[in-house]
Amino acid sequence: MAEKDDGGINGGPYRLVELVSTAERDFLVKRNGDQVKVNHLEGKVVGLYFSASWCGPCQRFTPKLVNAYEELSQRGDFEVVFVSADEDQEEFDKYFSKMPWLAIPFSDSDIRSSLDQIFEVSGIPHLVILDGNGQLLTDDAAMMIRDYGAEAYPFSAERLQELKVEEETARNNQSLKSILVHSTRDFLVCNDGRKVPVTQLEGKTVGLLFSADSFYSCKELIPQLVEVYNKLKEKNFEIVLVSLDTDAESFDEGFEAMPWLALPFSDKTCMKLPHYFEIRGIPTLVIIGPDGKTLQSDVVEAIEDHGAEAYPFTSERMAALLEIEKAKLASQTIASLLVSDERNFVIGNGGLKVPVSDLVGKTVLLYFSAHWCPPCRAFSPKLIETYHEIKAKDSAFEIIFVSSDHDQAAFEEYFATMPFLALPYGDTRKKSLSKTFKVTGIPTLVAIGPSGRTLTKDARNLVINYGAAAYPFTEVRLKEVEQEMEEMAKQWPKEVQQHPLHEEHSLELSRRPNYICDACDSEGHGWSYLCADCDFDLHPMCALKAGADVGAQDDENTVGYREQDEPSNETWVCDGETCRKA
């Protein structure tokens, strides 16, 4: 195992050569197989890049790091070392072939594991920067590269503060030129190769479209946005694509369908703007007013709901659209949600057709889900159990499955496990329902009351936490359930010791507004059995359900376990920017 001069990750200094080598191996490898002596790193600023080919966020981040590396490596005092979390040599080789820097040989799993532990790597991509003396500069360099590219060098806290000050100054003095012009470029491009000076956009309302052709949601937006653009381009309106694609081929393919302008692919401005405008997801359409100032941070939703009627995107117009939406919600009925020109029914298993009129006056849950989605498959059994319990008490209740499956066969296989109703596969009503309820992820469960009004878009958490007791999902009932839970919590043990999933410390019953249960990976609300030292939470049902079978109460405030279940294998959970150990 490599040694370092101090304990923990708080600064070092680290003996870098010893961190990345062994007595048997004094070299690192290049992507062509060449060996480079580890003393090549001495005196350099070195980035340890923890990444893997199977990690989507890593795949998106690596090209950004390549761009920064190619610029910084010219200095002669900067190097990167890839520390792979890939699962086999073939995956490592394929992924490493895209990297111009060095790597720990994939065969040296001991050193890779040691570096994981030394730098407490809990999520990837993860980039640690050490200075020429082995001092830790930052363990959050992935964020710095993502936001600032090569300008983040030398990755010190002082440099980060300088960049933030520069950014704030730029915002205060923002103009169309400051946003879109680079020191080496003062033009935008058309998809036919023509160059258009940025000055031609001055005085116009400009939409900056942050998009990537590889994202389905971006592709889905483009046809509608083209239609809106064609209506508004004569009203002094222009769109500029800020591509977040990872390769030129994807950029070209997506841009081909766009009649507007774009920043050239891989332009340095493209790397800065997502951070500058604090982009949290794509597609995003930022509106810049005729004066060059930011008018709206994102109008994609307004475009989807109102099309060209959202123009000129002023605060006054946005407020007027909000009033339109409120009026629409106030008049919502089950028929307005589920009846279209083409269809006025939903289906049951076995080819049964149920008229939407049969649902009038019932409490209806809309279940947005798909067989390919692991959290959906984990949640469905709980929902089915809840459905049977509620139905046994009140027939004026129904659930409708709204599928995001990829094909008819997957839909039918998944729906066959469900005792409730569904929209037919590929039904156009799915798109309008997703838009109405702003469904951005699955599983999502929306509760519609007997009047046809929306009760809650968070019924999934209510089912997880309260099951059938949450019915009929009204605010009054939820307050009653909360009170019942408070009374129930008084009967629970205050502490759980030696839980099979967390033997290190005891778990204390704690009030927790929101958390993720580390046993079932579902959201929790209200009460948790918590280890604050490890940030480890269990739903009360997950913490206590084994008590009667595998343990006995030591006293009135403690539950113990005699039988130890084996924890599951290590897994990873990926969000938009990071894959973390679950």
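In the block above lies the structure referred to throughout.
Procedures and definitions
Residues numbered from 1 in each chain as written. Predicted model: local features only at pLDDT ≥ 70, side-chain atom pairs only at ≥ 80, totals over all residues. Heavy atoms only, no water. Buried < 20%, exposed > 50% of the residue type's maximum accessible area, 1.4 Å probe, protein only. Helix = DSSP H or I, 4+ residues; strand = E, 2+ residues; numbered from the N terminus. Pairing = 2+ DSSP bridges. Arc of directions from axis to C-beta. Contact = heavy atoms within 4.5 Å. Salt bridge = Lys/Arg side-chain N within 4 Å of Asp/Glu carboxyl O. Lys, Arg positive; Asp, Glu negative; His and termini not counted. Polar contact = N/O pair within 3.5 Å; in protein donor to acceptor, adjacent residues only side chain to side chain.

Draft legend 1. Representation of the pairing of strand S12 (residues 237–243). For S12, a buried count of seven out of seven residues is recorded, marking the element as mostly surrounded by other parts of the structure. Side-chain alternation along S12 places Phe237, Ile239, Leu241 and Ser243 on one buried face and Glu238, Val240 and Val242 on a second face that is also buried. Pairing analysis gives seven bridges linking strand S11 (residues 205–211) to S12, with the strands arranged parallel. Across the sheet, residue Thr205 finds its bridge partner in S12, namely Phe237.

Draft legend 2. Looking closely at helix H3 (residues 89–96). Along H3, the residues that are buried comprise Phe92, Tyr95 and Phe96. For H3, the buried positions fall inside an angular range of 95° around the axis, keeping them on one side. The exposed residues of H3 that point more than 90 degrees off its buried face are Glu90 and Lys94. Of the surrounding elements, those touching the buried residues of H3 are strand S1 (27–29), strand S3 (45–51), helix H2 (56–72), strand S4 (78–84) and strand S5 (102–103).

Draft legend 3. Spatial organisation of the pattern of salt bridges. The full count for this structure, using the stated rule, is 25 salt bridges. For Lys37, the salt bridge goes to Asp26, with nearest N and O atoms at 3.1 Å. With Lys37 in strand S2 (residues 35–37) and Asp26 in the loop between helix H1 (16–20) and S1, this pair connects stretches of sequence that are eleven residues apart. Taking relative accessible area as the criterion, Asp26 reaches 38% and is therefore assigned partly exposed. Two residues, Arg511 and Glu482, come together in a salt bridge whose shortest N-O distance is 3.8 Å.

Draft legend 4. Expanded view of the side chain of Asp131. With respect to the secondary-structure elements, Asp131 resides in the loop between strand S7 (126–130) and strand S8 (136–138). One buried charged residue, Asp131, remains without a salt bridge, the closest side chain of opposite sign being Arg75 at 13 Å. A polar contact is formed between the side chain of Asp131 and the backbone nitrogen of Asn133, at a distance of 2.8 Å. Once residues lying within four places of it in the same chain are set aside, the contact partners of Asp131 are Lys44, Val45 and Leu137.

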